[in-house]
Amino acid sequence: MPSLNPDTNACIGAGICTNTAPTVFDLGADGLVRLRTTDVDTNDVPDTDAAIAMCPAQALSWSRS
Ligand code: SF4
């Protein structure tokens, strides 16, 4: 499973990811995306994929490196 790569420089704090995959994403005190886990459970992958697709800032991606 690749890891997640949130781009806090691109994030605009819209919070869609935290609503879509709340076990994976959180918002920090600065209002920008944080990861709740670096080890995404297989059951959470569909919601994570949906959050990545819906992020208006395209700030979320799987890291394959
Ligand atoms: S949906 Fe995108 S822009 Fe909104 S908080 Fe999540 S990463 Fe940031």
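Caption draft 1: View of the overall build of the chain. Within the chain one finds two helices and four strands. Taken over C-alpha atoms, the radius of gyration comes to 10 Å for the chain, in line with the 11 Å a tight globule of 65 residues would show. Sorting the 65 residues of the chain into buried and exposed places 34% on the buried side. Partitioning the intrachain contacts of the chain with sequence separation of at least 6 by distance along the chain shows that 53% fall at a separation of at least 24. With the model as given, the accessible surface of the chain reaches about 3900 Å², and the carbon-plus-sulfur share is 46%.

Caption draft 2: Highlighting the site of the ligand. In the region of the ligand, 14 residues are neighbours, and Cys11, Ala14, Gly15, Cys17 and Cys55 sit closest. Tallied by class, residues from the shell around the ligand come to twelve nonpolar, two polar and no charged.

Caption draft 3: Structural context of the pattern of salt bridges. Under the definition given, this model contains two salt bridges. With its nearest N and O atoms 3.6 Å apart, the salt bridge here joins Asp26 to Arg36. Of this pair, Asp26 sits in strand 2 (residues 25-27) while Arg36 sits in the loop between strand 3 (33-35) and helix 2 (45-54); the two residues are ten residues apart in sequence, bridging distant segments of the chain. A salt bridge links Asp30 to Arg34; its shortest N-O distance comes to 2.7 Å.

Caption draft 4: Quick look at the side chain of Asp44. Relative to the elements of secondary structure, Asp44 occurs in the loop between strand 3 and helix 2. No salt bridge is formed by the buried Asp44; the nearest opposite charge belongs to Arg36, separated by 9.6 Å. Setting aside anything within four residues of it in sequence, one finds Asp44 in contact with Thr23 and Val24.

Caption draft 5: Representation of helix 2. Taken residue by residue, helix 2 has Val45, Thr48, Ala51 and Ile52 as its buried positions. One face of helix 2 carries all of its buried residues, which in axial projection span an arc of 120°. Away from the buried face of helix 2 by more than 90 degrees, exposed residues Pro46 and Ala53 are located. Here the buried face of helix 2 lies against strand 1 (3-4), helix 1 (16-20), strand 2 and strand 4 (62-63).

Caption draft 6: Seen up close, the environment of Thr38. Within the secondary structure, Thr38 is located in the loop between strand 3 and helix 2. When the C-alpha positions of Thr38 and Pro6 are compared, they lie 11 Å apart, and in sequence the two are 32 residues distant.

Definitions and cut-offs
- Along each chain, numbering runs from 1 in the same order as the chain's sequence is written.
- Selection of residues for local features in this predicted model requires a pLDDT of at least 70, selection of side-chain atom pairs for listing and counting requires 80 or more, and totals for whole chains, interfaces and linings are taken over all residues.
- As a convention, hydrogens and water are excluded, and side-chain values are obtained from all of the structure's heavy atoms.
- Only DSSP runs of H or I reaching four residues or more are called helices, and only runs of E reaching two or more are called strands; each is numbered from the N terminus.
- Radius of gyration: C-alpha atoms only; globule rule: 2.2 Å multiplied by the number of residues to the exponent 0.38.
- Accessible area is worked out with a 1.4 Å probe on protein chains only. A residue is then buried under 20% of its type maximum, exposed over 50%, and partly exposed in between.
- In this analysis, two residues are considered to be in contact whenever any of their non-hydrogen atoms come within 4.5 Å of each other.
- Only the protein chains shown count as cover for residues, with accessible areas throughout obtained via the Shrake-Rupley method and a probe of 1.4 Å.
- What makes a residue near a molecule or strand is one non-hydrogen atom of that residue sitting within 4 Å of it.
- Residue polarity follows a fixed list, in which Ala, Val, Leu, Ile, Met, Phe, Trp, Tyr, Cys and Pro are nonpolar, Asp, Glu, Lys and Arg are charged, and the others, Gly among them, are polar.
- By salt bridge we mean one thing: a side-chain nitrogen of Lys or Arg within 4 Å of a carboxyl oxygen of Asp or Glu.
- For the purpose of charge, His is not counted, nor are the chain termini; Lys and Arg are scored as positive and Asp and Glu as negative.
- For this quantity, the arc is that covered by the directions from the helix axis to the C-beta atoms.

It is worth stressing that arrangement in space is one thing and function is another; only the former is reported here.
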